[in-house]
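Single-letter residue listing:
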Amino acid sequence: MADELPPLWFPPMSSDDSSDSSILFFQNLIEEAELQDTGTSNRRRYIERQREEGHETLMADYFVEDPKYNEDIFRHRFRMSKRLFLKIVSDVEENDPWFVEAPDARGRKGFTPLQKVTSAIKQLATGNTPDENDEYLHMAERTSRECLEYFCDTVCKIYGPEFLRRPTSHDMALLYQAHEEKHHLPGMFGSLDCTHFVWRFCPTEYRGQYMRGDHRYPTIMLEAVASQDLWFWHAFAGPPGSQNDINVLQQSPLFLTERNGTAPKCPFYVNNHLYKRGYLLVDGIYPSWSVFVKSIPYPHEVNEKKFKRQHEAARKDVERAFGVLKGKWGVLSRPMRARSVKKIRNVVYTCIILHNMILKDDGKAIAPVHIRDPPVEPALDDTVLGELLNEDTHWRLKHDLIDHLASQDLPHLLADSDEDYKCLNQCQHFSAKFKHFCQIDMARSDWSVFCFATLKCLTTPYTLMSVNAFADSFLALNIPLNILMSMLEINNAGIMFYPYQLSQDGIEMQLSTNHLGHFFLTKLLLDKMKSTTLATGIEGRIVNLSSVVHLRIYKEGIKFDTLNDKNRQHFKIYKLAYGQSKMANLLHANELSRFLKEEGPNVTVNSIHPGLIMTNLMRHSIKLISVYVCARV
């Protein structure tokens, strides 16, 4: 048959020519194999990539004297300044020979350090596949993958001791000071929490270990400590995603330095009580250790409510840090493609190190300078563990912090509800911003600009007590007031065609919410607006939000004698209570305008109709919703 191989020829064996016969035999065997090899080759196709062209394009785009893309675009694409990027390229090239430009086996120049680091940074920043920049950098997928692996190893080796360090005594002093100024919590040096990263290519034999019921895919966990400036002071990546925060804590080296006696001694005082170690803010799942401070789930006393608000606001530092980290480095927010936990861990640590380096480069770090403590020999102390797990210290510290916050003058903690707290905090932020702006303008041109009194802080429905409390808080800020707006998003709660109900003040709900609260607030702040107008010379303005629905009321006008009568017609058929509240705003504006013109201050009063917008305001009127939908169609 044609497909059968010819019989092999074996040379005769003799003692004289055995060596020559063996050589001849193998030569014949090779020749026969070559004659029979008539098939096609399965070798991988070779692609000629112009590395030099890729380097020249990269230089022209970013690194020449007059680049194609400016510094802002570079920062957006590389997540850092050009100065920091070039420093990283220089350090990586100096410490790892793999990044040094060297010729290949054919004597042709290899990739430059700039191309290799660019490939690694691009993969970290976008989370895209390694072959994404093949057309731009002229780099194969395998080479790009090696760039990322070698880059992560080198960055962790070079910068890990500084930018992923434990806080030194110098760092702790600065963290204590910064957190006490920002959060009013002495002794706090950070917040602790965990987050998850999706592992796309988790091996099948590991999937059960890395799966959890509340996650659809296998995940890897990261335990981290972050301060107010979003600097990560501790990172422990790699535990399976099936675990919770307590399981991760049991494996974590978070308190290893305390156990072996190498942690810095950083005591602090709260409420005249001495504590040996700083503490971390944690959520409710963590145990009651002396170094953890948890919130109060169900506060009853006013001081406990203050502490709960302050604790929950300060603990958001680590949540914000996770959000910034994942937003900046897309490889963390997208499913991981690495097939080993070690490689994923290196990627996570590299992103955290680069994140901290960027904070330092931008001048936003609380402790940018690494000042080392004197070296200490590790010595295991059995008493430290008991001190760390001491629940009595945990509760005493919490009560001291509650008393400390109660003794502080913190207006943003005086609100009666979470909505009041958020809005009063927003008011304080706006007021401080405008006050600073006014000081600058007054120094330049001897006049001040206007400030807004944002009234979004008042809850729905209004109560006269809440209006009075807000007015007192605003007047205590002692800032100018030139514009008072009764607009939908500023001080109008805005309810429409509401079912009959009385407010807490015993007044019909729509009139109380849409008119009386603003009327009372204007009365309380009117003297402040007059004095501001006289002092600055800037026209004051009061803007009331009315509506064309003010036409749908009784011919006699507003019937004040029967406002709270549930059996009146305007509560049953036409629901004229809303129109009456808007007519009250209109009449108030007209009368106040007349009064101010007679009195003389430069203050104008206006009424406006906001137009028709599809919002939750219409939920009690099916007819109005249908009219709006038909108009849109």
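Preceding this section is the structure that the text describes.
This section reports on the structure supplied with the text. (Residues numbered from 1 in each chain as written. Predicted model: local features only at pLDDT ≥ 70, side-chain atom pairs only at ≥ 80, totals over all residues. Heavy atoms only, no water.)

**Structural notes on the overall build of the chain**
Move 1: The helix and strand inventory of the chain stands at 22 helices and ten strands.
Move 2: Each of the 633 residues in the chain was classed as buried or not, and the buried ones make up 45%.
Move 3: Contacts in the chain between residues far apart in sequence, at least 24 positions, make up 71% of those at least 6 positions apart.
Move 4: Carbon and sulfur atoms provide 54% of the accessible area of the chain, an area that totals close to 34300 Å². (Helix = DSSP H or I, 4+ residues; strand = E, 2+ residues; numbered from the N terminus. Buried < 20%, exposed > 50% of the residue type's maximum accessible area, 1.4 Å probe, protein only. Contact = heavy atoms within 4.5 Å. Areas by Shrake-Rupley, 256 points an atom, 1.4 Å probe, with all protein chains shown as cover.)

**Examining the packing of aromatic side chains**
Move 1: For the coordinates displayed, the defined rule picks out 24 aromatic pairs.
Move 2: The aromatic ring of Y69 is capped on one face by R77, whose charged end is 4.3 Å from the ring centroid.
Move 3: We note K82 situated over the ring of F74; from NZ or CZ to the ring centre the distance is 5.8 Å. (Phe/Tyr/Trp six-rings, centres within 6.5 Å; stacked < 30°, edge-to-face > 60°. Lys NZ or Arg CZ within 6 Å of the ring centre and 35° of its normal.)

**Let's talk about the pairing of strand β1 (residues 188-198)**
Move 1: β1 sits mainly inside the fold: ten of its eleven residues count as buried.
Move 2: Where β1 lies against strand β6 (residues 279-281), three bridges are found, and the strand directions are parallel. Of the residues in β6, the one forming a bridge with G190 is L280.
Move 3: In this sheet, strand β2 (residues 219-226) lies alongside β1 in antiparallel orientation, the contact comprising eight bridges. Bridging from a neighbouring strand, L192 pairs with V225 of β2. (Pairing = 2+ DSSP bridges.)

**Focus on the nonpolar core**
Move 1: Judged by nonpolar contacts, the single largest core of 106 residues is most densely connected at F85, F151, F292 and W329.
Move 2: The greatest single-element share of this core, amounting to twelve residues, is contributed by helix α15 (residues 341-361).
Move 3: Per-domain counts for this core show at least three residues from each of domain 1 (52-162) and domain 2 (165-371 + 379-412).
Move 4: The contacts of W329, once residues within four sequence positions are left out, are F78, R79, M80, L124, A125, C351, L354, H355 and I358. (Core = buried A, V, L, I, M, F, W, Y, C linked by side-chain atoms within 4.5 Å. Domains from an automatic or database assignment.)

**Quick notes on unusual backbone geometry**
Move 1: Positive phi is not limited to glycine here, since R79 has a value of about 70°.
Move 2: With respect to the secondary-structure elements, R79 resides in the loop between α3 (71-78) and α4 (82-95).
Move 3: Phi is positive for L230, which is not a glycine, with a value near 70°.
Move 4: Relative to the helices and strands, L230 is located in the loop between β2 and β3 (232-240).
Move 5: Relative accessible area serves as the criterion here: at 11%, L230 is assigned to the buried category.

**Digging into the side chain of N128**
Move 1: With respect to the helices and strands, N128 occurs in the loop between α5 (113-126) and α6 (134-137).
Move 2: A polar contact is formed between the side chain of N128 and the side chain of R334, at a distance of 2.3 Å.
Move 3: Dropping the residues within four chain positions of it, N128 is found in contact with Q123, R334 and R337. (Polar contact = N/O pair within 3.5 Å; in protein donor to acceptor, adjacent residues only side chain to side chain.)

**Some details on the pattern of salt bridges**
A side chain of one charge can pair with a side chain of the opposite charge if their charged atoms are brought near each other.
Move 1: Evaluated as defined, the whole model comprises 19 salt bridges.
Move 2: In this structure, D91 and K87 form a salt bridge, with 2.9 Å as the shortest nitrogen-oxygen distance. You can see D91 and its partner K87 sitting in helix α4, four residues apart, about one turn around the helix.
Move 3: Across the pair E162 and K360 runs a salt bridge, and its minimum N-O distance is 3.0 Å. Here E162 is found in helix α7 (residues 141-163), whereas its partner K360 is found in helix α15, with 198 residues between them in sequence.
Move 4: For K360, a relative accessible area of 32% gives the class partly exposed.
Move 5: Linked through salt bridges whose partners overlap, the residues forming this network are E48, E52 and R108. (Salt bridge = Lys/Arg side-chain N within 4 Å of Asp/Glu carboxyl O.)

**As for the sheet that holds β3**
Move 1: If you walk across this open sheet you meet the five strands as β3-β2-β1-β6-β7, and the pairing is mixed. Looking at strand neighbours, the two that pair on one side only are β3 and β7 (292-293), the edges of this open sheet.
Move 2: Against the sheet, helix α8 (residues 169-183) makes contact with β1 and β3, and its axis sits at roughly 90° relative to β1, the strand it touches most.
Move 3: Of the strands in this sheet, β1, β2 and β3 touch helix α13 (residues 316-328), which is tilted by about 45° from β1. (Axes fitted to C-alpha atoms, helices over the stretch in contact; angles between N-to-C directions.)

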